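Below are the chains, spelled out letter by letter.
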Amino acid sequence: MSAWAALWERARDPNPIVRKELLALLRTPVYVRSVVVALVALAVLVVSVALAASEGEADLAEAGRILFQVYFGGAYLLLAMVSPVFGATAIVQEREGRTFDALVLTGMHPSRVVTGKLLALFLAMAFIPVAATPVLGVVLLFGGVTLGHLLVATLYLGLVTLSGVAFGIGLSAQAQVTRRAVLLATPLAVFGALALSSVVTGLGVEYARRHSLTLEGPLFFVDAYFAVPYGLSYLFDLVVLPATVFGLWLWLWGAVAYAGLLEPSDDRARPVKLWALGAWAATTAAARLYAYVYALGAQDRVVLGHLAQAASGVLLVLLLSAWVGEPLRRSRRQLLHPPHPLSRALLPPTLLPTLGFLVALGALNFLVGPWLLTARGTNLEGLLSAGVWCLAYLSATTALQGFLAVRYGSSAARIGGALWLFATLVLCWIVYALAGGGSLSRGEGALWVSVSPVWAFPAVVDAFHGGRGDTSATRAALRFAMALFGLWTALFSALTALAWRRGVRSP
Amino acid sequence: MIECEELRHAFGDREVLHGVSLRVPEGAVYGFIGPNGAGKTTTLRVLATLLVPTSGVARVAGLDVVADPVAVRRVVGYLPDNAGVYDRVTAEEYLAFFAAAAGLLPHARARAVANVVELTELGRLLDQEVSALSKGQRQRLQLARTLLHDPRVLILDEPASDLDPRARIELRLLLSELGRMGKTILLSSHILTELADVCSWVGVIEGGRVVASGPIDEVQAALRPGQRVRLRVLARAAELGELLGRLPFVRGVRALEPPTAEGAGGVEVTYEGDEARVAELVRAVTAEGVPLVGVEAERRDLERLFMSVTEGGK
Ligand SMILES: Nc1ncnc2c1ncn2[C@@H]1O[C@H](COP(=O)(O)OP(=O)(O)OP(=O)(O)O)[C@@H](O)[C@H]1O
Ligand SMILES: [Mg+2]
């Protein structure tokens, strides 16, 4: 057989995990039973709505629209909640069932394992709505809903399911115990489904306002695809934005799952580091595009910049708590196969350079990104102040946790990080209140809360964009916090260097 | 084929391998024995690339397990101790899955599965769901799985642990067959007597250190110099010690049990030289008119070997 024929044979070869998982699932009574129950429930729903409509001689088209909204609304909530829980068992059950070693030893690439699991569970979940299609076809007969509506709604149902499964698999790959993964996935899934629906509703309101449309029902966005005039904003809102959001979400949890399948001697944080860089580039580009499409004025661009700073601040603090568990030294395997120096510099594999990487990512997020968003001639002072403040805050957090990780281990670092967050988010406000407070808008007592992100952003907006008279007290408080963070960073960096020289435990 | 030098491994701060060195030549069947917690599984997992040792070198088929795990996995079939199987697939689907996962091309898979099924005699079980197989049948299925990619080296952790006596004999036959096919086999086991006939080499590990390693006869000779034979008589057992002690090639005589009232009993005689000496022993005993009823040369006895090597252990 020629090399080409072999290559072709391999390319056509489906992922074996998909077949195996689906076979096993079809023999699982619980799964089969739930599919049947779901279908029967749906049929009953369709029939009763149809009957009610014909009894009352009501508008059939209206009944069709209601049915469409009810069915898909229900299906979204259900799949958004069930698929993460379902995904959460995928990989950890291989660990618990002691089948994981055999899988690793087949030499199957971890990314292939992840995609196989993802695809299998997605197909298993998606089978329910697919099987429901004939029942749902009845809606078309009622009128009021077109085939296009059904297709768009189904596409989104697929995306939501895939996202849910990916999230579950990400949890699953990091977990050691199935029960814990499921227990964690369940509340997060409920919370996620609620968050998703409120975001969608909020967007709907904003949307209807912007395009002067009347968008009906919880699934307004399906209507939007047929109601919004074609153009740049159609492309951005209905194609680019959803693709970016779902793409980044899938990439994130795919990377987390992939990372969880790597061996301790590999650089496990690498997939997520790559994601962080990619997410920075993608969201900056999307925000920039948004500003362009809607021809935002200078003031709105600044607001967008501040929003980007705030959102990335939350993300970076989350990443910090994940990366503070990085190994202190390179593993034997990494020493034997040193990565390319460029790759090592961009995506460092050990703790301290990784923390440096995080701070560099912070600089991109807090300074470069917002700057890229602004129009020429914008007054950058406010954005820059907020950016420097954020970077100082991140550096201080990172320095503290880095020191704790080197000196006492990663769990101490995480506890220290949580205490730090508590101190800057809550404690300083308590102190402020006890110290007598004062009017923050006049800058009274601002020094107390100047280390708190909750204060910093409104203060910056107020001081630099609010057009008020005297803001010198607020500016002084900002400078005070930056100086404090700077000293703090220097102190803990020095302590880290000292601890490092005294010798760290071998990995 | 397999070489370890000064392997050390620690779980957290606790070192469990303190410099394990061993060598398994190509084509050997190597029995790796040691008490519970000695570090057998840990050593085998290092060799199977599932653990990275803290220091030391391990090579399989010339490939470094730390530097080149992917290549090592292609030449090694590893049967983990106490591993699980996928429940809701049939035995055939199970094997087909692993054949595909191991990267065999579709056209080669059916043949690979058929080969291992024949070797492990799984033919009648192929259509059964794995959850319906007995422990021993599952063990055979897992063994079949490790053979799918036709590895040159087999690393088997406690392959006999869940098997009944008949299945053990079958496993022994299978291992000999695999040995004849030229595979190098490293296996650990508790069921020491079962291994004696298959293994040509043996290594004993205790407390994370290899205390003896080499061809089985050499190890035995080094640890217990001299040959041994057991004699059984119907009377005058007590006299045997003095009687045989006179022979120049006899190193020692040990009563196996106190003689009965009639004087019946057995002794174990340690002697130097080849089997011709046994004939001389028998002649000496019968010449004195002692009623000799049994002569039993000592089998290669791993259990005793094991006990003598690990004496004073935990
Ligand atoms: N994952 C682990 N974490 C911590 N300690 C471990 C781990 N696995 C094994 N050990 C310890 O390492 C030592 C060696 O274990 P190992 O499993 O290699 O022994 P073994 O010789 O295979 O024993 P057995 O005959 O019981 O299978 C034991 O003391 C055990 O407690
Ligand atoms: Mg063991």
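Residues numbered from 1 in each chain as written. Chains lettered and ligands numbered in written order. Predicted model: local features only at pLDDT ≥ 70, side-chain atom pairs only at ≥ 80, totals over all residues. Heavy atoms only, no water.

For this particular structure, what's the right way to read the domain arrangement of chain B?
Often, the extent of an interface is quoted as the loss of accessible area upon association of its parts. Each assigned domain of chain B is listed here: domain 1 (2–214) and domain 2 (224–302). Using C-alpha coordinates to define each centre, domain 1 of chain B is positioned 41 Å away from domain 2 of chain B. (Domains from an automatic or database assignment.)

Which parts of the structure should I look at to understand the site of ligand 1?
All names here are of chain B. Close contacts around ligand 1 come from 13 residues, with Arg14, Gly37, Lys40, Thr41 and Thr42 the closest. For ligand 1, an oxygen atom lies 2.7 Å from a polar atom in the side chain of Lys40. Here an oxygen atom of ligand 1 and a side-chain polar atom of Thr42 are 2.5 Å apart. Taken by itself ligand 1 offers 640 Å² of open surface, and the protein chains cover 63% of this. For the shell around ligand 1, the elements supplying multiple residues, two or more each, are β2 (14–24) and α1 (40–47). Sort the elements by how many residues they give to the shell around ligand 1 and α1 lands first, with 3 residues. Of the residues that constitute the shell around ligand 1, the class distribution is 4 nonpolar, 6 polar and 3 charged. (Near = heavy atom within 4 Å. Polar contact = N/O pair within 3.5 Å; in protein donor to acceptor, adjacent residues only side chain to side chain. Areas by Shrake-Rupley, 256 points an atom, 1.4 Å probe, with all protein chains shown as cover. Helix = DSSP H or I, 4+ residues; strand = E, 2+ residues; numbered from the N terminus. Nonpolar A, V, L, I, M, F, W, Y, C, P; charged D, E, K, R; others polar.)

Would you mind showing me how to read the domain arrangement of chain A here?
The domains assigned to chain A are domain 1 (15–228) and domain 2 (298–507). Each of domain 1 of chain A and domain 2 of chain A has a C-alpha centre, and these two points are 38 Å apart.

Could you clarify how one ought to interpret the packing of helix α3 (residues 29–55) of chain A against helix α4 (residues 60–87) of chain A in this entry?
When two helices pack together, you describe them by how their axes are tilted relative to each other and by the distance separating the axes. Residue and element names in this part refer to chain A. At a minimum axis distance of 10 Å, the contact between α3 and α4 shows a crossing angle of 155°. Taken together, the axes of α3 and α4 lie roughly antiparallel to each other. In this structure, the crossing between α3 and α4 has a hand that is right-handed. The residues of α4 that touch α3, namely those facing Leu42, Leu45, Val46, Val49 and Ala53, are Leu60, Ala63, Leu67, Val70 and Tyr71. Residues that form the contact of α3 with α4 fall into these classes: 10 nonpolar, no polar and no charged. (Axes fitted to C-alpha atoms, helices over the stretch in contact; angles between N-to-C directions. Parallel < 35°, antiparallel > 145°, perpendicular 65-115°, else oblique. Left-handed = near helix turned anticlockwise from the far one by under 90°. Contact = heavy atoms within 4.5 Å.)

For this particular structure, what's the right way to read the pattern of salt bridges?
Opposite charge on two side chains permits them to pair, given that their charged atoms come into close proximity. Applying the stated rule across the entire model yields 27 salt bridges over all chains. Lys20 of chain A is the salt-bridge partner of Glu21 of chain A, the closest N and O atoms lying 3.1 Å from each other. In this structure Lys20 of chain A comes out as buried when scored by relative accessible area, which is 6%. Close ionic contact of Arg59 of chain B with Glu5 of chain B constitutes a salt bridge, the shortest N to O distance being 4.0 Å. Of this pair, Arg59 of chain B sits in strand β4 (residues 55–60) while Glu5 of chain B is found in strand β1 (residues 2–11), placing the two residues 54 residues apart along the sequence. Members of the salt-bridge network, linked through shared partners, are Lys20, Glu21, Glu94 and Lys117 of chain A. (Salt bridge = Lys/Arg side-chain N within 4 Å of Asp/Glu carboxyl O. Buried < 20%, exposed > 50% of the residue type's maximum accessible area, 1.4 Å probe, protein only.)

Before we go on, may I ask you to explain the packing of aromatic side chains in this structure?
In this description, an aromatic ring pair is defined by two values, namely the gap between the centres and the angle between the planes. Evaluated as defined, the whole model comprises 30 aromatic pairs over all chains. A centroid spacing of 6.2 Å and a plane angle of 80° characterise the contact between Tyr76 of chain A and Phe221 of chain A, whose relative ring orientation is edge-to-face. Here Tyr76 of chain A, found in helix α4, pairs with Phe221 of chain A, found in helix α10 (residues 220–227); they are 145 residues apart in sequence, far enough to count as distant. Consider the rings of Trp429 of chain A and Tyr432 of chain A, whose centres lie 5.9 Å apart with planes at 85°: the pair is edge-to-face. Note that Trp429 of chain A and Tyr432 of chain A are positioned in helix α18 (residues 410–434) at a spacing of 3 residues, about one turn of the helix. An aromatic cluster is defined as three or more aromatic residues linked by ring pairs; in this entry it consists of Trp389, Tyr393, Phe403, Tyr408, Trp420, Phe485, Trp488 and Phe492 of chain A. Just above the ring of Phe97 of chain B sits the side chain of Lys20 of chain A; from NZ or CZ to the centre is 4.9 Å. Positioned above the aromatic ring of Phe98 of chain B, the side-chain terminus of Arg145 of chain B is 5.3 Å from the ring centre. (Phe/Tyr/Trp six-rings, centres within 6.5 Å; stacked < 30°, edge-to-face > 60°. Lys NZ or Arg CZ within 6 Å of the ring centre and 35° of its normal.)

Explanation requested: helix α17 (residues 381–408) of chain A in the structure shown.
Residues that lie three or four places apart on an α-helix share one face, since the helix turns once every 3.6 residues. All names here are of chain A. Taking 1.5 Å of rise per residue, the 28 residues of α17 would be expected to cover 40 Å, and the 40 Å separating its terminal C-alpha atoms lies within 8% of that figure. Counting buried residues along α17, 23 of its 28 residues qualify, which places the element largely inside the surrounding structure. Looking at the residues trailing α17, positive phi occurs at Gly409, about 100°. (Expected span 1.5 Å × (residues − 1).)

Whenever I open this one, the packing of α4 of chain A against helix α9 (residues 178–211) of chain A confuses me. Can you help?
Residue and element names in this part refer to chain A. For the pair α4 and α9, the least separation of the axes is 8 Å and the interaxial angle reads 160°. In terms of their interaxial angle, α4 and α9 are classed as roughly antiparallel. Viewed along their axes, α4 and α9 form a crossing whose handedness is right-handed. Counted together, Leu77, Ala80, Met81, Pro84 and Val85 of α4 and Val182, Ala185, Thr186, Ala189, Val190 and Ala193 of α9 form the full contact between these two elements. Classifying every residue of the contact of α4 with α9 by side-chain character gives 10 nonpolar, 1 polar and no charged.

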